[in-house]
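Fold and contact review
As a plain string of letters, each chain reads:
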Amino acid sequence: MMGKKIDHIGVAVRSIKEVLPFYEKTLGLTFLGEEVVESQRVKVAFLQIGESKIELLEPTSNESAVAKFIDKRGEGIHHLAIGVDKIEDRIEEFIKNGIPMIDEAARQGAGGANIAFMHPKGTNGVLVELCEKRGGGCS
Ligand code: CMX
């Protein structure tokens, strides 16, 4: 099987600070930390939920893909991240099978993980992230 588990679900928010009490206090999830991913123009925060995580995504610029998403659709579920092994092999397979990839090579995401996004036009409207951990987290 290609996917090992759901690594995380990405949720687009206007302000991590404003929504964090809902996830931490109301839902009782454990806050794992936050970081800025400059290349994606987002600040991210992770919360543990079982063996998976919720990733809150706050745009740091109006040019960010997440800012564009919130403008068009409002806050809400932004992407599904699937944990995989050998991400470069997975990407190669998908390209060979004509599946549209946003990233045709893995790049570095939050926590130093290797990630690649698949285009929602090839996945029935869901932005899917492939995520390979090399000791760190995924973004
Ligand atoms: N989920 C599902 N569909 C999405 C989407 C999302 N998150 N974001 C955009 N789309 C859809 C749009 O609704 C639109 O559909 P229609 O053509 O049917 O209207 C289509 O994709 C094109 O959207 P757009 O607003 O014109 O935006 P772009 O084409 O400029 O960009 C996308 C869309 C997915 C290629 C871009 O957002 C992208 O490259 N995303 C991957 C990177 C990313 O999201 N980074 C932020 C998170 C980083 C992290 O986790 O570290």
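As the structure is a prediction and not an experimental result, all values here were calculated from the model.

Looking now at the overall build of the chain. Each helix and strand in the chain was counted, giving three helices and eight strands. Beginning at the N terminus, the succession of helices and strands in the chain can be written as β-α-β-β-β-α-β-α-β-β-β. Expected size for 139 residues packed as a compact globule is a radius of gyration near 14 Å; at 15 Å, the chain falls within 12% of this value. Referenced to the eigenvectors of the C-alpha coordinate spread, the extents of the chain come out at roughly 45 × 30 × 25 Å. Counting every position in the chain, which comprises 139 residues, the buried fraction comes to 44%. Put simply, 53% of the contacts in the chain that link residues at least 6 apart link residues at least 24 apart. With an accessible surface of roughly 7,800 Å², the chain has 50% of that area assigned to carbon and sulfur atoms. Between the averaged position of the 18 positive side-chain charges in the chain and that of its 21 negative side-chain charges there is a distance of 2 Å.

We now examine the nonpolar core. Grouped together as the largest cluster of nonpolar side chains are 11 residues: V11, V13, I16, V19, L20, Y23, L29, A45, L47, I54 and L56. Looking at this core, the elements with two or more residues in it are α1 (16-26), β3 (42-49) and β4 (52-59). With four residues, α1 is the single largest residue contributor to this core. Those residues in contact with A45, other than ones at most four positions away along the chain, are I16, F31, G33, E34, I54, E55 and L56. Counting 10 residues, the second-largest nonpolar core is a separate cluster that includes F46, L57, V66 and I70.

Below, the discussion takes up unusual backbone geometry. Its identity is not glycine, yet R41 carries a phi of approximately 55°, on the positive side. Positive phi values are uncommon outside glycine, yet N124 reaches one of about 60°. When you line up the elements, N124 lands in the loop between β7 (114-118) and β8 (128-132).

When the UniProt feature table is mapped onto this chain numbering, "domain: VOC" (unreviewed entry) sits at residues 5-133. Its end C-alpha atoms 12 Å apart, residues 5-133 is made of 23% helix and 41% strand.

Before going further, it helps to spend a moment on the packing of aromatic side chains. Describing an aromatic ring pair means giving the distance of the ring centres and the angle of the ring planes. Scanning the model with the defined rule gives one aromatic pair in all. Between the aromatic rings of F22 and Y23, the centroid separation amounts to 5.0 Å while the plane-to-plane angle is 80°, which identifies the pairing as edge-to-face. Exposure remark for F22: the relative accessible area of 42% places this residue in the partly exposed category. The class of Y23 is buried, set by a relative accessible area of 12%.

With that settled, the discussion passes to the environment of F94. Position of F94 relative to the elements: it lies in helix α3 (residues 87-96). Residues F94 and L80, spaced 14 residues apart in sequence, show a C-alpha to C-alpha distance of 17 Å. Among residues more than four places away in sequence, those in contact with F94 are M2, I99, M101, M118 and L130.

Cut-off values and rules
- Residues numbered from 1 in each chain as written.
- Predicted model: local features only at pLDDT ≥ 70, side-chain atom pairs only at ≥ 80, totals over all residues.
- Heavy atoms only, no water.
- Helix = DSSP H or I, 4+ residues; strand = E, 2+ residues; numbered from the N terminus.
- Rg over C-alpha atoms; globule rule 2.2 N^0.38 Å.
- Buried < 20%, exposed > 50% of the residue type's maximum accessible area, 1.4 Å probe, protein only.
- Contact = heavy atoms within 4.5 Å.
- Areas by Shrake-Rupley, 256 points an atom, 1.4 Å probe, with all protein chains shown as cover.
- Lys, Arg positive; Asp, Glu negative; His and termini not counted.
- Charge placed at Lys NZ, Arg CZ, Asp CG, Glu CD.
- Core = buried A, V, L, I, M, F, W, Y, C linked by side-chain atoms within 4.5 Å.
- UniProt positions renumbered as here; feature names shortened; annotations may be inferred.
- Phe/Tyr/Trp six-rings, centres within 6.5 Å; stacked < 30°, edge-to-face > 60°.

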